[in-house]
Every structure is written in structure tokens, then in C-alpha cells.
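# Reading the structure
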Amino acid sequence: MSQQGYVATPPYSQAQPGIGGYPSGFGSASSQPLYGHYGGSPQMFAPPQQGVLKQVASVGSPVSVMPPPPGPNQFSLGNQHNGFTAAGAQPQRFPPTTAVGGQPPLSPYGQPPPTTYQNSAPPLSAQQLTNQMGAMQISGYGPGAMQGSQLPPSLAAQPSFPPPASQSMAHPPMPPGSHAPQMTLLSPKIGPPTMGTMPPGPPVGMQSGFPGPNPVNAGFQQPPGQVSPHGFPQQPGPFGGQMTGPQPGFPGAFPGGTTQMAGPQQKKLDPDSIPSITQVIEDDKVRRGGQTYTTNTRGQVPPLVTTDCLVQDQADLAKQCHVPLAAVMRPLATVPQNETPLYLVNHGETGPIRCNRCKAYMCPLMQFIDGGRRYQCSFCSCVNEVPPFYFQHLDHVGRRLDYYERPELSLGSYEFIASLEYCKNNRPANPPAFIFMIDVSYSNIKSGLVKLICEELKTLLDKLPREEQAEKSVIKVGFVTYNTILHFYNVKSNLAQPQMLVVSDVSEMFVPLLDGFLVDFQESQSVINNLLDQIPEMFADTNESETVFAPVIQAGMEALKAAECSGKLFIFQSSIPTAEAPGKLKNRDDRKLVNTEKEKILFQPQKGVYESLTKECVANSCCVDLFLFPSQFVDVATLGDIPMHTGGALYKYNNFQIQSDGEHFLKDLRKDVEKKIGFDAIMRVRTSTGFRATDFFGAIYMNNTTDVEMAAVDCDKAVTVEFKHDDKLSEDTGALMQCALLYTTVGGQRRLRIHNLGLNCSSQLADLYKSCETDALINFFAKTAYRAMLNQPLKTVREILVNQTAHMLACYRKHCASPSSASQLILPDAMKIFPVYMNCLMKSYPLVGSPDISIDERAYQRQLVMSMDVADSQAFFYPRLIPVHNIDVNSDVMPSAVRCSEERLSEGGIFLLENGTHMFLWLGLACPPEAIQSLFNVPSFAHINTEATTLLELDNPYSKKIRSIIDEIHRQRPHSMKLMIVKQKDKPEMIFRQFLVEDKSLYGGASYMDFLCYVHKEIRQLLT
């Protein structure tokens, strides 16, 4: 019972060694084609031997798993059923069938009619069948080794069987004298065998007996003690053909044919012992069903097609690790004094050189080719021609000879002078203007704020920002006062006294004068000073308590529009605008909505007038800086929305009093007026292929998805940009980005400031976690959370933050950390302080959700953070706690901070705490008397005046050192901070403790330790 393994070949191909034809080692190859010669003469079947069992297989009947070997003429031309006749040959015709050897005539397809077929074979004994099956052991798919070429005794006396009258096309012919190759089923290592192709393997023996169920992955094995040839030998019949015999346990040749044989009861094969498709499918479902298979694992084979699984695309590491890709950009950042100012490049009327396709500007990332006549853009790979005036030869390494002479080829940041095509209406820009708009309602007059502002402006206007090396500023100035109506002032230099023009119809705002409203301060200084002296007196007896707000901004914008210049409005507002005018607001301070689904509407600006006004301000390059002096609810969420979207700033002084808050306000005003600023700004971020900028956060306005518009941008404003992968990044070329800012300087010159950055790419998660910038991450997460709180409940926002933190750290634990106990918390070195930052963010006023915190304060801090850079947001969420009781007064180094926790405080210490908006000097009960004397000039702790907001300028080393530290901190922060002196155990200490962020918050925030345990619990759940 020789069995032949067979791999199907195309129907018109020739036999190939080792592929369904004649494998090497199984006899000599035959020169006869596998399927015979088309058009040749048919070969007739010889009559079978009388008294010998025949087996006839019908065309189209199911092919057995282990079919019998074919005879030499099985695939003769008379037996071809498919294919075309060779060119020039006659089509093959089947001869009429006749009865052969007393057998019924064959059907036209070589099959005898099933109704006339009779089994004329003599009965076989049970012993003979047992011996025949002794060579088979269908117990698995492993190969069985052949031990020899001798037939086992049980097979030597086997009767011969003649070939069937016809055979379906299932096997190629065997050459004379060759041994039939054995069929081997190979099982892949990863799971159950596939029932598809059966690759050829080593010959196997067969063994009778099927004791019990068949193990799935066991192989065919040679029975011990028997020696088998390389396959079963041919069984010659009377006509020279290879004989076939019945297959025990397999169905007859005809559909529904009997499998019974004459004679005693025969031993049958157990159907459960042979491989079962359904069993394999079910086993695969149990073992691999419902699992997740990622696409970035090499060599991984998915489950069977019948098994449901989840295939997760992991083309890049960003999706897998949940670490966002973002950059925090501060385009007009102040250059430190010890660094060279940015170089200014001027290409004349042709303007800056840029790529023709992606419009990226010339930078060190460009590659010059073709001897310097062309360059390839590193962002889009476009090849551009070098303008003739810009041509330069290349050196031996392909670098231009003027590489170090051109800032745009050798530096990361530089500026271009923009040509007229970058200006509005192709005309040079006019110098900007500052308009000071003062609320002269009752509260501001009585508090002395109006007089304080006017006195300060007399000296402050001499310090208006100007171009470098310019003698004076060219910024124009104008003045407006308002309550329920607006007062414009003509301060033209040739006037003896300023003139007032009143606009009482605030519903249709217009500017009553053009000439004389915006003037040069140096030319009209005397008239302006006269006006500033008169304003507090003119409104000293006012009883008007209501104010307007939207018409004030409308008036300032119209004035700038009429002057065809950009500018900034400095608005000093004391109360919510309740007067009958466009933009009137209602008090919506409903703290019952806190911690409900509707809490988000408290932070949404009121639509209508303010939304359209914001758009108009940006279009006309009108920036708004708002100084608020509220004593009650003023709807900061609405009033502050215009400054945030026009590139402006927001300042708030609760319950303003000149004695305690006057100096604090004046410092902010001075910084705001004097700092470097650009107007009419548009920013575009370009990246190399593989990723792109998708979202922007900051004091910006987005009219489309790519251009960041800012009516003004100053040196403190930062824009956070989120990037998304849209293709695979290359580790060789890295990731490139270019930030281009087009703006107008304070001198009226149009410029382009370019910043370039090249980053490495890695395919290893470990490298990614080593390079994470925690401070930038918390800046990004804070801005995304503060934007999301406008549309989602705070509970949902906090849950997202926790889940994001847990996923990031769980991915590191799973893929990068060494195996350890599940109870151990493992953090990446670069992100080990990320949980404490995240906890501080969740405890911040906007997200904490406590009715004890005013809605205005929460909205104010939310808008404040949206334009912060990395250094400011880091200090805001994790304040610096500096011990100053044991500092070295002779050292110029800033003292090191300690952990922001109550445990770090000591009764004998003095600590300075600051977060960019607040500053505290905490004094322990047992602090040294000599330190108290040096700082406050009082003999003891009890004599310290906690109402003071500044330290006395005493002539001793300790006092000078503490004041120098405070001054240095103020220089680092964009906002000034009012100093609060806090004694231990005093009531104001409760305010101070709110900033000890590692401790449990008074408003419900968790301590650092509790939050870390909670995150660890979430990580363990993700890993299990």
C-alpha cells in the first residue's frame, strides 16, 4: 500500500524534481512529461486480472487524504480531461468504451457504470487487513524515519492488486522502478497544522492500530522493530502496472458506495483518531481567540481565518507608548545678554530664498548639489535652482564656500527682511500705535487707580519699545477715557490744551477725529502730560458706576484701522459691563453648577458681539491687553477671551488697594509696555515628510488649519504645537521642523524670523523614554486639558489625564523595564517626576472643581496658562520652595529649592515660595532673631508686620541677598508678584499651604503619595 505525497502543479507545466514530480532520492527522473504529450496516441488499459479486487474512483469524487499511487498509464492521453491541444495537433478524442475482461463497459469518462459494477475480489482475512494496516500510524503530523529498504514480514505476503479501470487525475505517473515517495504532514511550531498545502518531507512508515484518540500534533512514526523501504514497493500485476488496493476505513469509489468487504468482521479505523478540521478550528479558537496581534512583531503568524482576533496596527511607536509629540515655541524669545543677537539677512527686492514646492525658507538643512547650482529641500525633497546672485561653489565635502558667512546656512535662528510681497497691499507697514483706554467709573476714581495710572504714564511713555540702536521710539500713542460713554482726546503737538471729543452713541461706534488722536509722544509730550494731570480732576466727582466694554475695543480698533497701522489697546477695567450697549453681560456666577455636567458653560465665553469682535481685531492687527480690578464677579471667561485670541495679556488684581497692590500693578504695567513685541504676525510650522503639525495652543487665532494668526506677539508668548505621524520616519534623516514668523517690528519693518530644529528618530521605545521632556509634556497636557474643559465635564478631563499617565508608564513597564515584582512601581528616569506634575495639574484651580474657589479666578488661571512657555508652566504647577535662613550671603548662585511639602518646613527656618503669580516669605516660630532683625529691622518674631508687601532696603548682607534673590525671580517671570509675609500658625498660612503641592489640597486634591499609588494601581490593571 504505497502512498505518494503530491503537490499540485499548474495544469500545463512539466514535472519538476521535488515538486509533485520525482523528488530526488526516489529513482531516476523520467523523460516523459508529467501529463503526457498532447495529441499523442492514447494508451489502452489492460484488462484486470480475474479474481482480483478492483477499485474505481469516479471523476469528481472526493480525493482521499492518502490516495493510492497511480499506474504508469494513469495520466495517458486517453485520460486527459482539461487543457488545450498542442498547436497543430488534432483535438483529443476519447475512444468508445467496451467491456474488458468480462467487466462492464467504461463510461465516456473512463468509469464503469456504478449499477453494473461488481466486486469480484476474493475475501481478505482479518489478519491480512491487520497486517496491511500495520505499516500505518496516523497519529499526528511528525515525520517518521525510514530504517531500511526491507519489507516487513507482514507485508511480504500481501496479495497484488491490479490497477483500476480508470482513475481520476489526482497523481502524476511514477517512473518504472522508482519507489513512491512517502506523504509527510508537517506541523508549524506555532500551532495546529494547516490543512492547506502539505510540503514534501522525509518518507514515513505506517503502522496499524489506532489505540484511542489521536493526539493533534503527533507524527507518523515507524513501529519499533520493523524495517521499511523508502516507501512501499510497487506491487506488480499481470499487466505490469502498479496495483492499488482498497483503503480500509475510507468510503468506496462511488458516492454512497459500500465499504463492506466479504469475509469475517474487519477491524476499522477510528474516525476520531485522524486529523479533524473542526477540532483544529475549535482548538485554535480556544487557544488564540480574542487576542490582540500587533503588526510590528516580526515573524508573528496570526490565528486561523476562522478565529476571531484583533489586529492592532503598530506602525509607529507614538501610538503604542501614548507619549504625545509636541513642541513649545516662543518665537520672539529674548536673547540672553551673553549671546549674540539674531543676525538679519537682506536679499533685497527678491526676498528670502525658499523652496518652490513647500515654501520652506533657506536653512542649514538644505542640501546643495550639482556643483552648487541647485539645492534639494530637506522638507519635501524638491530640487530647486539656485538664483544667480546666490550661487557659490562647493568644497570637497559638498558644502558651500560661504557656509560660515551666511547665517541662514550655519545658524538655527535668524531673520530675513521681508520684501513688499509680504506686506499688506504690497506697501510698507506703518509704525504701530499704543492706545491707553482708562475706565473712569466711580470705583476706579475713588480707589485712586485713575490717578495712579496717569502719574505712571508720564514717565513710562519715555520707555516705549524701540528698534535696536534707534534713538527714540516711533510708536504713536493715543488716549481714551470711558464709563458709559467714550471720550477721545486730541493731543496734537501744536495745541496748548488737549481737546475732548465725546461719543455717547456707543451702539454705533466711530472715531470722531483722526489728526491729533495718535501722536508721537516726544513731539506732544507737554500736551500729553497736561492731559494726564487733568483726567483725575475731570472725573473726580463722577457718580457713574456702570461701564461698557465692547464699544471700547471697537473704538480702539477703528482708530487703528483708520490710521492703517497695527497696535495694542491697554484697557483698565474695574467691573462687569452692565450698561446698555453692545456686549452687555449678565452675572452668571452660579456655583451650583460646579461639579455638574453644566459646569463647562461657566468657562465658555459668551458668544455674539465678542466673537465677531475678536475676528475683526485679528484682521486689523489690534491686540488687547486687559487689566482687571474687580471687587466682584466680572466674567473673566468672556472679557479675557479677546486678549487671549489677539496675542494680548490678562492681568487681574482682586479688591485693588493702592497701598498693597499699587506697586504690584505698576510693575506689571511697566513690563507690559516696555517688553519686545511684534505686530500683525502670522506663523507657519513646516515639517519634513512623515509627520505634520495638527493642533496649536496659545494666545492665537486660527482662521485655517495651518496659519497661526496673532494681532501681536511679545517675547513672553509661547505657542504649543502638536504633531501627528502620517508616514514612517527615517532614522537616517531624522525629523525636521521649521517655524517661520512673519511680523512687523516696533519700527514698522516687515521681517521673517526663522527657527530650525532637527530631531533624531528611533525605532526603540527605550530611546523614546530616555528622551522625553517632562516639562514640555506637562505644558502640553495642561493646555489640552484647559481647552477640553470648555466642552467636556471636568470629571472626564481628569479621567483622561490619569489614563494617559497610566498608559505611558505601563508601556514603559511592559516593553522597556527589566522583569520585576508587580508590586514594584517602575518609572523611566526621564519621566520619574511626571506623576507629581500631573497631580499638580489636576489640583490646579481650573480642574479642581471646588465651589470655594471663584469662577473668575479659575477662568483667569486657565487663560494665563494657555500662553505660558515651558519654564513658566513648570514653576506654576510646581512652585519653588527656597530655604533662605542658611544661605551664603557671599555667593552669587541662586539657592537650591527643596520639595514643595510641609514636611520640608521647619520652625527655625525662613522659606521663600514662588510660582510666577504668587510669592510668599514664610517665617517659622523659632526663626533666628538676628535674621528677623536683618530683614525687618524689628527685635522679635511678634513685631513683624505681615501687611508689608516689600522688604525694607536695609544695609546688611543678609537683607541685600534676600532682596537680590527676589529681584532675580522677578526678572525671570513675565508677571510681577506681590510678596506676602506669612507667619507660622497665623491665619494667612492657609493660603500659603495651598501651594505646597505635594501635600493634600484643601480643596480635595490628592497628595503626591496617594496619587502615585493610584497611578500604580491603574498601571497594574493595564498590564494584567
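About the criteria used
- Residues numbered from 1 in each chain as written.
- Predicted model: local features only at pLDDT ≥ 70, side-chain atom pairs only at ≥ 80, totals over all residues.
- Heavy atoms only, no water.
- Core = buried A, V, L, I, M, F, W, Y, C linked by side-chain atoms within 4.5 Å.
- Buried < 20%, exposed > 50% of the residue type's maximum accessible area, 1.4 Å probe, protein only.
- Helix = DSSP H or I, 4+ residues; strand = E, 2+ residues; numbered from the N terminus.
- Contact = heavy atoms within 4.5 Å.
- Salt bridge = Lys/Arg side-chain N within 4 Å of Asp/Glu carboxyl O.
- Phe/Tyr/Trp six-rings, centres within 6.5 Å; stacked < 30°, edge-to-face > 60°.
- Lys NZ or Arg CZ within 6 Å of the ring centre and 35° of its normal.
- Polar contact = N/O pair within 3.5 Å; in protein donor to acceptor, adjacent residues only side chain to side chain.
- Expected span 1.5 Å × (residues − 1).
- Pairing = 2+ DSSP bridges.
- Axes fitted to C-alpha atoms, helices over the stretch in contact; angles between N-to-C directions.
- Patch = residues over 30% accessible without salt bridge, like charges linked within 9 Å, V, L, I, M, F, W, Y side chains within 5 Å.
- Areas by Shrake-Rupley, 256 points an atom, 1.4 Å probe, with all protein chains shown as cover.

## Describing the nonpolar core
Counting residues in hydrophobic clusters, the biggest one holds 113 residues, and the most contacted among them are Leu486, Phe488, Ile571 and Leu841. Broken down by element, the residue count for this core peaks at 10 residues, all from helix 16 (residues 794–815). Once residues lying within four places of it in the same chain are set aside, the contact partners of Ile571 are Met437, Tyr482, Phe549, Val552, Ile553, Val624, Asp625, Leu626 and Phe627. Membership of the second largest hydrophobic core comes to 45 residues, among which are Leu452, Leu532, Phe570 and Phe627.

## As for the pattern of salt bridges
The final tally for this structure, using the stated rule, is 45 salt bridges. Between Arg670 and Glu456 there is a salt bridge; the shortest N-O distance is 2.8 Å. Here the residue Arg670 occupies a position in helix 13 (residues 658–674), and Glu456 occupies one in helix 7 (residues 449–460), the gap between them amounting to 214 residues. By relative accessible area, which is 27% here, Arg670 ends up partly exposed.

## Regarding the environment of Ala806
Structurally, Ala806 can be placed in helix 16. Each residue touching Ala806, except ones within four places of it in the same chain, is listed here: Glu1018, Ile1019 and Leu1022.

## Points about the side chain of Asp402
Position of Asp402 relative to the elements: it lies in the loop between strand 7 (383–385) and helix 5 (407–410). Overall, the relative accessible area of 5% leaves Asp402 in the buried class. What Asp402 contacts, discounting residues up to four positions off in sequence, is Gln392 and Leu409.

## Notes on the packing of aromatic side chains
Applying the stated criterion to the full structure yields 32 aromatic pairs. Ring centres of Tyr403 and Tyr404 lie 4.8 Å apart, and the angle between their planes is 90°; on these two criteria the pair is classed as edge-to-face. Joined through ring pairs, the aromatic side chains of Phe572, Phe627, Phe629, Tyr651, Tyr653, Phe656 and Phe665 make up one cluster. Positioned above the aromatic ring of Tyr403 is the side chain of Arg399, whose terminal nitrogen or guanidinium carbon lies 4.7 Å from the ring centre. Note that Arg400 overlies the ring of Phe368, its terminal NZ or CZ placed 4.9 Å from the centroid.

## Digging into the side chain of Glu408
Position of Glu408 among the secondary structure elements: in helix 5. Polar side-chain contacts of Glu408 include one of 2.6 Å to the side chain of Tyr390. Apart from residues no more than four positions distant in its own chain, Glu408 is found in contact with Val345, His347, Met362, Cys363, Pro364, Tyr390, Tyr414 and Phe416.

## Brief notes about helix 13
Here helix 13 contains 17 residues, and its C-alpha end-to-end distance of 22 Å stays within 8% of the 24 Å for a straight helix at 1.5 Å per residue. For helix 13, the complete set of buried residues consists of Asp661, Gly662, His664, Phe665, Leu666, Asp668, Leu669, Asp672 and Val673. Buried residues along helix 13 sit in contact with strand 9 (433–439), helix 7, strand 14 (567–573), strand 15 (622–628) and strand 16 (650–652).

## Re the environment of Leu613
Inspection of the secondary structure assignment puts Leu613 in helix 10 (residues 609–619). The class for Leu613 is buried, based on a relative accessible area of 3%. Taking C-alpha positions, Leu613 is 9.8 Å from Gly583, a pair spaced 30 residues apart along the chain. Sequence-distant contacts of Leu613, defined by excluding residues within four places in its chain, comprise Ala550, Ile553, Gln554 and Ile642.

## Comments concerning the sheet that holds strand 6 (residues 374–376)
If you walk across this open sheet you meet the three strands as 5-6-7, and the pairing is antiparallel. Of all the strands in the sheet, just strand 5 (367–369) and strand 7 have a single pairing partner and so form its edges. When the angles between neighbouring strand axes are averaged without regard to direction, this sheet yields 35°.

## Observations concerning unusual backbone geometry
When glycine is set aside, most residues are seen to have a negative phi, and most peptide bonds are trans. Positive phi, close to 55°, is recorded for Asp370, a residue that is not glycine. Within the secondary structure layout, Asp370 lies in the loop between strand 5 and strand 6.

## A look at the sheet that holds strand 26 (residues 919–923)
Across the sheet, which stays open at both edges, the four strands sit in the order 24-25-26-27 with mixed pairing between neighbours. Both edges of this open sheet fall to strand 24 (880–883) and strand 27 (979–983), since each of them pairs with a single strand only. Strand-to-strand twist in this sheet, taken as the mean axis angle between neighbours without regard to direction, amounts to 20°. Here strand 26 pairs with strand 27 via five bridges, running parallel. Residue Met919 lies in a different strand from strand 27, and its bridge partner there is Leu979. Against the sheet, helix 21 (residues 929–936) contacts strand 25 (910–914), strand 26 and strand 27, and its axis sits at roughly 145° relative to strand 26.

## Re a nonpolar patch on the surface
Together, Met500, Val502 and Met538 line one region of the surface with nonpolar side chains, adding up to about 240 Å² of accessible area. Within the element layout of this structure, Met500 appears in strand 12 (residues 499–503).

## Considering helix 9 (residues 550–563)
In this model helix 9 runs 20 Å from its N-terminal to its C-terminal C-alpha over 14 residues, within 8% of the 20 Å that 1.5 Å per residue would give. Of all 14 residues in helix 9, 10 are buried, a share of seventy percent or more. What helix 9 keeps buried is the set Ala550, Pro551, Val552, Ile553, Gln554, Ala555, Gly556, Met557, Ala559 and Leu560.

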